[in-house]
Amino acid sequence: MVTPGRPDIDSRIRARLLVAAVTPLLRTVTNASGGAAIAGATVSDSGGTSTTTNGAGVYTLPGLTPGTHTVGASATTFKTGTQTASVTAGTTTTVNFSLTPAPGSVKGSVVSASGGTATSGATVSDSGGASVTTDASGAYTLSGLTPGSHSLTAAKTGFSPQSQTASVTAGN
């Protein structure tokens, strides 16, 4: 109720209503591969509000107005995650993100064991099924690999196949 002649009461009531109409998003950002917290991830709202997760992967995105928001989370060496959140006045909306490590790649070259000349047309295959053929200089890039240890085999007719283990880092 507004008391005529008492603008101080009117302004306090309006201030409380405005504060009650904004609400935060709260939750965590984790690694989809194992569930570890992702510290330093950026969480942002389509309206321009953003924040960074703490060491436990927890974030708070305060001051959002009620309604539907598109919220994204990104971190180095991870694929970006996006979700739609329905924000209600006076409540805390929970939005968790589970980010997938970005795929990596292996680059190298295949050379002849006798003489060290480039071996074009060799097939380099990954134990997970990916393969690529070397170019004229024996070079190859095997992309889209999940982070971790991979067994690579180089083979070409007339040569003995050779295998090596490669460590793939997310996003590299």
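Residues numbered from 1 in each chain as written. Predicted model: local features only at pLDDT ≥ 70, side-chain atom pairs only at ≥ 80, totals over all residues. Heavy atoms only, no water.

## Thoughts on the overall build of the protein
The helix and strand inventory of the protein stands at one helix and 14 strands. Split into buried and exposed, the 172 residues of the protein put 28% on the buried side. Relative to all contacts within the protein whose residues are 6 or more apart in sequence, the contacts with residues 24 or more apart total 50%. (Helix = DSSP H or I, 4+ residues; strand = E, 2+ residues; numbered from the N terminus. Buried < 20%, exposed > 50% of the residue type's maximum accessible area, 1.4 Å probe, protein only. Contact = heavy atoms within 4.5 Å.)

## Observations concerning the sheet that holds strand β11 (residues 131-133)
With antiparallel pairing, four strands are arranged side by side in an open sheet as β11-β10-β13-β14. At either margin of the open sheet sits one strand with a lone partner, and together these are β11 and β14 (162-168). Averaged over neighbouring strand pairs, the angle between their axes works out to 25° when direction is ignored. Two strands pair when backbone bridges link them, and strand β10 (residues 123-126) and β11 are joined in this way by three bridges, in the antiparallel orientation. Looking at β11, one finds that Thr123 is bridged to Thr133. (Pairing = 2+ DSSP bridges. Axes fitted to C-alpha atoms, helices over the stretch in contact; angles between N-to-C directions.)

## Here's the deal with the pairing of β14
On a regular strand, one side chain projects to one face of the sheet and the next to the other, so that they alternate. Summarising the sheet, strand β13 (residues 148-155) and β14 pair through seven bridges and their orientation is antiparallel. Looking at β14, one finds that Ser151 is bridged to Thr165. Connecting β13 to the next strand, β14, in antiparallel fashion are six residues, including Gly158 with a positive phi near 90°.

## Digging into the environment of Ala89
Relative to the helices and strands, Ala89 is located in the loop between β6 (81-87) and β7 (93-94). Ala89 sits in the partly exposed class, given a relative accessible area of 38%. Taking C-alpha positions, Ala89 is 7.3 Å from Thr65, a pair spaced 24 residues apart along the chain.

## Notes on the sheet that holds strand β2 (residues 42-45)
Here four strands make up an open sheet; going across it, the order is β3-β2-β5-β6 and the pairing antiparallel. In this open sheet, the two edge strands, each paired with only one partner strand, are β3 (50-52) and β6. Put simply, the sheet's adjacent strands are angled 20° from each other on average, direction ignored.

## So, the side chain of Asp126
By the element assignment, Asp126 lies in strand β10. One buried charge, Asp126, has no salt-bridge partner; the nearest side chain with opposite charge is Lys79, at 15 Å. Only 2.8 Å separates the side chain of Asp126 from the side chain of His150, close enough to count as a polar contact. In this structure Asp126 touches Leu142, Leu145, His150, Ser151 and Leu152, once residues within four positions along its chain are discounted. (Lys, Arg positive; Asp, Glu negative; His and termini not counted. Salt bridge = Lys/Arg side-chain N within 4 Å of Asp/Glu carboxyl O. Polar contact = N/O pair within 3.5 Å; in protein donor to acceptor, adjacent residues only side chain to side chain.)

## Side note on the confidence of the model for the protein
The predicted model of the protein has a mean per-residue pLDDT of 81, with 84% of residues at 70 or higher. In the model, residues 1-23 has pLDDT below 50 throughout and makes 22 contacts with residues more than four positions away in sequence or in other chains. (pLDDT = per-residue confidence, 0-100.)

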